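# Structural characterization, general
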Amino acid sequence: MQAELQSLIDQVRAAHAAGTPLRLQGGDSKSFWVCAQAERTLDIRPYRGVVDYEPSELVLTVRAGTPLSEVEALLGAQGQMLAFEPPHYGPNATLGGTIACGLSGPRRAAAGSARDFVLGVRLIDGLGRDLSFGGQVIKNVAGFDLSRLMAGAFGSLGVITEVSLKVLPRPPFELTLEWALQEGVALERMNQWGGQPLPVSATSFHNGRLRARLSGAEVAVRAAQARLGGEVVADGAAWWSALREQSAACFQTDKPLWRLAVKSSAPPLGLSGALLTEWGGALRWLASEHAASQVQKAACDAGGHALLLRGGHPAAPCFGGLDPILAQIHRRLKHAFDPKGILNPGLPGNF
Amino acid sequence: MTAPISQAQIASALSRWLAPGSVLTNPEDVRPFETDGLSAYRQLPYVVVLPRTEAEVQAVLRYCHEAHIPVVARGSGTGLSGGALPHKDGVLLSLSRFMRILEIDPQARVARVQPGVRNLAISEAVAPYGLYYAPDPSSQIACSIGGNVAENSGGVHCLKYGLTVHNLVKVRAVTMAGEVVELGSDGLDAAGYDLMALITGSEGLLAVVTEVTVKLLPKPQTAKAILAAFDDVEKAGNAVANIIAAGIIPAGLEMMDGPATRAAEAFVHADYPLSAEAVLLCESDGTPEEVSDEMARMQALLESSGAIEIRYSQDEAQRLKFWAGRKAAFPAVGRLSPDYYCIDGTIPRRSLGSVLKRIYELGREYGLEVANVFHAGDGNLHPLILFDAAKPGEFERTEAFAGKILELCVEVGGTITGEHGVGVEKINQMCVQFTPDELSLFHAVKAAFDPEGLLNPGKAVPTLHRCAEMGRMHVHHNELPHPELPRF
Ligand SMILES: Cc1cc2nc3c(=O)[nH]c(=O)nc-3n(C[C@H](O)[C@H](O)[C@H](O)COP(=O)(O)OP(=O)(O)OC[C@H]3O[C@@H](n4cnc5c(N)ncnc54)[C@H](O)[C@@H]3O)c2cc1C
């Protein structure tokens, strides 16, 4: 694999020397959403495979080009998982792309986000330097935390070549319950559960139905079930995986699909086109033709921000303007990692 | 550099913006700020300021920025790496007057607090709602939440509930130029680069934290503890690995070796087994059903790993008694010797046993006693080296021994600091852990926030020049093992 890594380094160095922008590409599964505009493509897929995995350490180190499905199969065989349940958006998604996009799935509110599980990265910066930050241990405060910074940076700060992640044991037992409720009541309930010692690992509200997944030791899940009531959903697992990929029927819309990360206790947003709520109220999906500024304002008023996932121009994960001081820090950071601006130009947005 | 500005000039300039009594220059007034928890390093600050509002912090930073005066932020001064050590020509900016809890939102389970609020005070304030703030450094009665953010502090419960970085929602901070930034969001992720993750653990080098919104968790219904004794540290280390490998994430998994156990027993009489070479404390929390299930599985694993004695906490009083010895372990060890030096490396759990044995060997080589009390579940070691600073050369020998232990941590795939930070103390070992290219990127990141390099200068990230000198030293002694191996 040394040759494959060297080839990536050489390509970045050549691009740096010539000042040619590169579009970093893994499995191309998310280009419907984000896609840098650049003539040349840097294909990360050849640099793949597991570097180190010892289940008792709860740490996995893999090369960025490794398919996400391969990683999950490997972990599954040991009864472990990526607890942030990242969406794949296609069969070819790579682990590097997954971390670069920083997306998390249904378990996010209970377990943490993609960045929460990053322990270390190896990356190639915009000068073509091969650098390592963080490591393979759970606790590490040596130097600035540049590895977690890579999660959600969309490859604009460096080409991720290896990632070390904390992994978790898969819960021995899971069960999905359902209630018929109004949106306001459902939001209240989700927030109440969050403040109680309950094994709730995911929630959703859609079409007048509140669902909760309980995970853990079977005795604990059964005890919680007895306390919460509700109806058992027979195909619970299928629902959460359809939600994770936004492949459930309700997401099949021609309208632009918005993802609003807001304060969990924010009241219903009052925009038409509300599709579904998850993460205990902290993630609200919207399918609507509303002007971007209107959606962003609604998200902002609810303490968060909005991203357009589908139905836009896949140039950048359009988010509302950053405050000028933050924008300046963003520009300076980009310059620190990639002085010539050759890595995924235009990402992660305008600043 | 222009001519240095006098103390009186700085004080009178700053007094224009601050309330009376907020600017100190008299040696007797500034003396309490000369050191943090690592008292081997001392430096009297030039000027101390004690602002009360964010606007005052802005004014101080703007003035210092313009006048090119270094600034060091300070919370409670419990840091163990010299991070808050004053700059001799600089302003020490104490956040100790930022003591207010601004908002508790039990529904969204967050609390917005000022940076000087003590870690434990947050959990106490939100207890009536059945909530608590999870990261619990042993110093939690004293350390500030601002300091916790700056160090990304951990605690006994971090294996299950995460470090500071995992339990923050929003951070407000003032840059060296005096500008306010707000990082994170009320939602679960924020737009743009994850600057909140970046500022966490940045040791006061990027910005001064003026407000922190933390995530609160529901208090577990029950908690129980097991105390397991072993006749060999290696067996205890393997027991830790076996518990994790079985898919259990205990709420706490701490280890004390024989010397630490005996010191703690003599101090607090927690009824620890005195003949043990290692004691493990395993805590399980959650619903009563979860806890009894997990306790039974842990017991089986401890037995099969060779525990010579296993005790259960029968009630809350006994659980607290089990922990009393662990919590008092540092001062207990402190009674054995005039001084002790605490180290903070992290290693993969699989190496616990072998690294502990190597530490004992090194201790014999250096002629120094060492006791180990640490976060075993995280692989975060805290060897305590016993020494007497009054004996000539003993501190130097201790530092050399400590440096060796840190290099050993890096060698087995770990890191030089798990939770206490680099500060001034481990700045040389940074050259062992990072290459010059990596260090130069750290400097560039620092410059993105503080181009003039005025905020906490000389800490956390060594200059390349310093490492070059270090590097020569290492080559000369030919001591650095396996320099050809990648350190990732
Ligand atoms: C007995 C004892 C036990 C300890 N146990 C633990 C433990 O279990 N886990 C652990 O992680 N640590 C532990 N520590 C270390 C220490 O308590 C932590 O690092 C703590 O977070 C420091 O907080 P502080 O308020 O005292 O910060 P200080 O010591 O005042 O400062 C620490 C660093 O933070 C910076 N800083 C402080 N406030 C701000 C601010 N508002 N904005 C920007 N920068 C700031 C300072 O410049 C400095 O670099 C222990 C210390 C002692 C003495």
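Higher on the page you've got the structure.
Before going into details, it helps to say that this report is about the structure given with it. (Residues numbered from 1 in each chain as written. Chains lettered and ligands numbered in written order. Predicted model: local features only at pLDDT ≥ 70, side-chain atom pairs only at ≥ 80, totals over all residues. Heavy atoms only, no water.)

### A closer look at the site of the ligand
Residues and elements named next belong to chain B. Around the ligand, the surrounding shell holds 32 residues, and the nearest of these are Ala73, Gly75, Thr78, Ser139 and Ser144. Between the ligand and Gly79 there is a distance of 2.7 Å, counted from an oxygen atom to a backbone nitrogen or oxygen. Here a nitrogen atom of the ligand sits 2.8 Å away from a polar atom, N or O, in the main chain of Val209. Here the ligand, which alone exposes 970 Å², has 93% of that area covered by the protein. Elements with a minimum of two residues in the shell around the ligand: β3 (71-74), α5 (145-151) and β10 (208-215). In terms of residue count, the dominant contributor to the shell around the ligand is α5 (five residues). Split into classes, the residues belonging to the shell around the ligand amount to eleven nonpolar, 17 polar and four charged. (Near = heavy atom within 4 Å. Polar contact = N/O pair within 3.5 Å; in protein donor to acceptor, adjacent residues only side chain to side chain. Areas by Shrake-Rupley, 256 points an atom, 1.4 Å probe, with all protein chains shown as cover. Helix = DSSP H or I, 4+ residues; strand = E, 2+ residues; numbered from the N terminus. Nonpolar A, V, L, I, M, F, W, Y, C, P; charged D, E, K, R; others polar.)

### As for the sheet that holds strand β2 (residues 47-49) of chain B
Residue and element names in this part refer to chain B. The sheet built from four strands is open, its strands ordered β1-β2-β4-β3 with mixed pairing. Two strands bound the open sheet, and with one partner strand each, they are β1 (23-24) and β3. Packing against the sheet, helix α1 (residues 7-15) makes contact with β1, β2 and β4 (91-94), and its axis sits at approximately 15° to β2. Across the sheet, helix α3 (residues 54-67) lies against β2, β3 and β4, angled at about 165° from β4, the strand it touches most. (Pairing = 2+ DSSP bridges. Contact = heavy atoms within 4.5 Å. Axes fitted to C-alpha atoms, helices over the stretch in contact; angles between N-to-C directions.)

### Things to note about the sheet that holds strand β8 (residues 168-174) of chain B
Residues and elements named next belong to chain B. With respect to topology, five strands assemble into an open sheet ordered β5-β6-β10-β8-β9, the strand pairing being antiparallel. Among the strands making up the open sheet, the edge pair consists of β5 (101-105) and β9 (180-184). Each strand axis lies, on average, 15° off the axis of its neighbour in the sheet, ignoring direction. Relative to β10, β8 is paired through six bridges, and the arrangement is antiparallel. Note on β10: the bridge partner recorded for Leu168 is Val214. Together, β8, β9 and β10 form the strand contacts of α3, whose direction differs from that of β8 by roughly 45°. Helix α4 (residues 119-126) contacts β5, β6 (110-113) and β10 of the sheet and is inclined by roughly 45° relative to β5.

### Details of the interface of chain B and chain A
On the side of chain A, 76 residues touch chain B, which itself brings 84 residues to the contact. For the pair chain B and chain A, the summed buried area comes to about 6800 Å², and 63% of that belongs to carbon and sulfur atoms. A salt bridge links Asp105 of chain B to Lys263 of chain A; its shortest N-O distance comes to 3.0 Å. Scanning the region where chain B abuts chain A turns up 23 residue pairs in polar contact (both at pLDDT 80 or more). The set of elements that each furnish at least two residues to the side of chain B that touches chain A consists of β9, α7 (195-199), α8 (233-245), α10 (288-304), α15 (427-433) and α16 (436-449) of chain B. In terms of residue count, the dominant contributor to the side of chain B that touches chain A is α16 of chain B (eleven residues). Its residues assigned to classes, the side of chain B that touches chain A shows 39 nonpolar, 25 polar and 20 charged. (Buried area = accessible area lost by both parts, 1.4 Å probe. Salt bridge = Lys/Arg side-chain N within 4 Å of Asp/Glu carboxyl O.)

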